[in-house]
Amino acid sequence: MNLFEDFIKNIDLSDPNFEQTTRVHDWRNYVPDEWQKDWGKFTDREKKIIAIMAEAQADSEEWD
């Protein structure tokens, strides 16, 4: 099992609660506002793809 499979298992893609986004290393920061509004219209596969790509971005953050 890879890192992203573990990540997907540990989040609720049906309701990612974008209002509770934290500041650092939070994948939800990388989902555009328009997509957040339309989240319920995406298929489960599309949600997984978006979340994995956003998680990759969040993981690459570097803070001083």
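Everything below is about the structure shown above.
The text that follows walks through the structure, step by step, so that each part is easy to find. (Residues numbered from 1 in each chain as written. Predicted model: local features only at pLDDT ≥ 70, side-chain atom pairs only at ≥ 80, totals over all residues. Heavy atoms only, no water.)

### Concerning the packing of aromatic side chains
In this structure the tally under the stated criterion is six aromatic pairs. Arranged with centres 6.1 Å apart and planes meeting at 50°, the rings of tryptophan 27 and tryptophan 39 form a pair that is tilted. With a gap of 12 residues between them, tryptophan 27 in the loop between helix H1 (3-9) and helix H2 (33-37) and tryptophan 39 in the loop between H2 and helix H3 (44-59) connect regions that are remote in the sequence. Residue tryptophan 27 shares its accessibility class with tryptophan 39, and that shared class is buried. Considering the side-chain rings of tryptophan 39 and phenylalanine 42, the 5.9 Å spacing of their centres and the 70° angle between planes classify their relative orientation as edge-to-face. (Phe/Tyr/Trp six-rings, centres within 6.5 Å; stacked < 30°, edge-to-face > 60°. Helix = DSSP H or I, 4+ residues; strand = E, 2+ residues; numbered from the N terminus. Buried < 20%, exposed > 50% of the residue type's maximum accessible area, 1.4 Å probe, protein only.)

### Re the side chain of aspartate 26
Relative to the elements of secondary structure, aspartate 26 occurs in the loop between H1 and H2. With residues up to four places along the chain from it excluded, the contact list for aspartate 26 reads Gln20, Thr21 and Ala58. (Contact = heavy atoms within 4.5 Å.)

### A short note on the pattern of salt bridges
Evaluated as defined, the whole model comprises two salt bridges. Among the salt bridges present, the one from arginine 28 reaches aspartate 26, with a minimum N-O distance of 2.7 Å. In terms of burial, arginine 28 and aspartate 26 fall into one category: buried. Note that aspartate 38 is salt-bridged to lysine 41, the shortest N-O span being 3.6 Å. (Salt bridge = Lys/Arg side-chain N within 4 Å of Asp/Glu carboxyl O.)

### Regarding the side chain of lysine 47
Structurally, lysine 47 is set in helix H3. No salt bridge is formed by the buried lysine 47; its nearest oppositely charged neighbour, aspartate 44, is found at 4.4 Å. If near-sequence neighbours (up to four positions away) are discounted, lysine 47 is found in contact with Leu13, Ser14, Trp39 and Phe42. (Lys, Arg positive; Asp, Glu negative; His and termini not counted.)

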